[in-house]
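Listed below are the residues making up each chain.
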Amino acid sequence: QVQLVESGGGLVQAGGSLRLSCAASGSFLRINTMRWYRQAPGKQREWVAIITSDGSTSYPSSVKGRFTISRDNAKNTGYLQMNSLKPEDTCVYYCNADVTGSNLRTYLAWGRGTQVTVSS
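Throughout what follows, the structure given in this document is the object of discussion.

What to know about the packing of aromatic side chains
Part 1: This model, assessed by the stated rule, comprises two aromatic pairs.
Part 2: Plain terms: the ring middles of Tyr-37 and Trp-110 are 5.1 Å apart, the flat faces sit at 50° to each other, and that makes the pair tilted. With Tyr-37 in strand β4 (residues 30-39) and Trp-110 in strand β10 (residues 106-110), this residue pair connects regions lying 73 residues apart in the sequence.
Part 3: Assessed through its relative accessible area of 35%, Trp-110 is described here as partly exposed.
Part 4: Where Tyr-94 meets Trp-110, the ring centres are 6.4 Å apart and the plane angle is 80°; that geometry is what we call edge-to-face.

So, the nonpolar core
Part 1: Grouped together as the largest cluster of nonpolar side chains are 30 residues, with contacts concentrated most on Trp-36, Leu-80, Met-82 and Tyr-93.
Part 2: Take this core: its biggest share by element is five residues, from strand β9 (residues 91-100).

Re the state of the cysteines
Part 1: The final tally for this structure, using the stated rule, is one disulfide.
Part 2: Here Cys-22 pairs with Cys-95 through a disulfide, and the sulfurs are 2.0 Å apart. The chirality of the disulfide connecting Cys-22 with Cys-95 is right-handed, given an S-S dihedral of about 60°. Of the two residues, Cys-22 sits in strand β3 (residues 18-26) while Cys-95 sits in strand β9, which places them 73 residues apart along the sequence. Judged on exposure class, the residue Cys-22 and its partner Cys-95 are both buried.

Observations concerning the pattern of salt bridges
Part 1: Enumeration over the complete set of coordinates arrives at four salt bridges.
Part 2: The salt bridge involving Arg-38 is made with Glu-46; its shortest N-O contact spans 2.8 Å.
Part 3: Accessibility expressed as a relative area gives 5% for Arg-38, which makes it buried.
Part 4: In this structure Glu-46 comes out as partly exposed when scored by relative accessible area, which is 30%.
Part 5: Of the charged contacts, one joins Asp-89 and Arg-38 as a salt bridge, the two residues approaching to 2.8 Å between their closest N and O atoms. Here Asp-89, found in the loop between β8 (77-82) and β9, pairs with Arg-38, found in strand β4; they are 51 residues apart in sequence, far enough to count as distant.
Part 6: Residue Asp-89 is classed as buried on the basis of its relative accessible area of 1%.
Part 7: Salt bridges sharing partners connect three or more residues here, namely Arg-38, Glu-46, Arg-66 and Asp-89.

The rules behind each value
- Residues numbered from 1 in each chain as written.
- Predicted model: local features only at pLDDT ≥ 70, side-chain atom pairs only at ≥ 80, totals over all residues.
- Heavy atoms only, no water.
- Phe/Tyr/Trp six-rings, centres within 6.5 Å; stacked < 30°, edge-to-face > 60°.
- Helix = DSSP H or I, 4+ residues; strand = E, 2+ residues; numbered from the N terminus.
- Buried < 20%, exposed > 50% of the residue type's maximum accessible area, 1.4 Å probe, protein only.
- Core = buried A, V, L, I, M, F, W, Y, C linked by side-chain atoms within 4.5 Å.
- Disulfide = S-S within 2.5 Å.
- Salt bridge = Lys/Arg side-chain N within 4 Å of Asp/Glu carboxyl O.

Below is the structure:
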């Protein structure tokens, strides 16, 4: 099984930047599509960014132009560069990935999240 671990969260002032990482480890054959989601207290989880195995990306309008998703396949790590942060970006950020296991079956894995707090 794969383990996804997010890191890079923290406290930042409005207008600042953070770079989140999502590192995959464990037993697996391949990390396919990777995504970032976020969730604020009392709200539904919101999709933030997606990157396919060939590097195609997409974002919702709420973060487009401010957030950039990327990946390093050699390191089995995904990244989320967040610029021009706003207080409303304060959330727990989660990554997930479509993983091809050693048995060639594909499943969805989630990390446990990292807190991002943006002060005004």
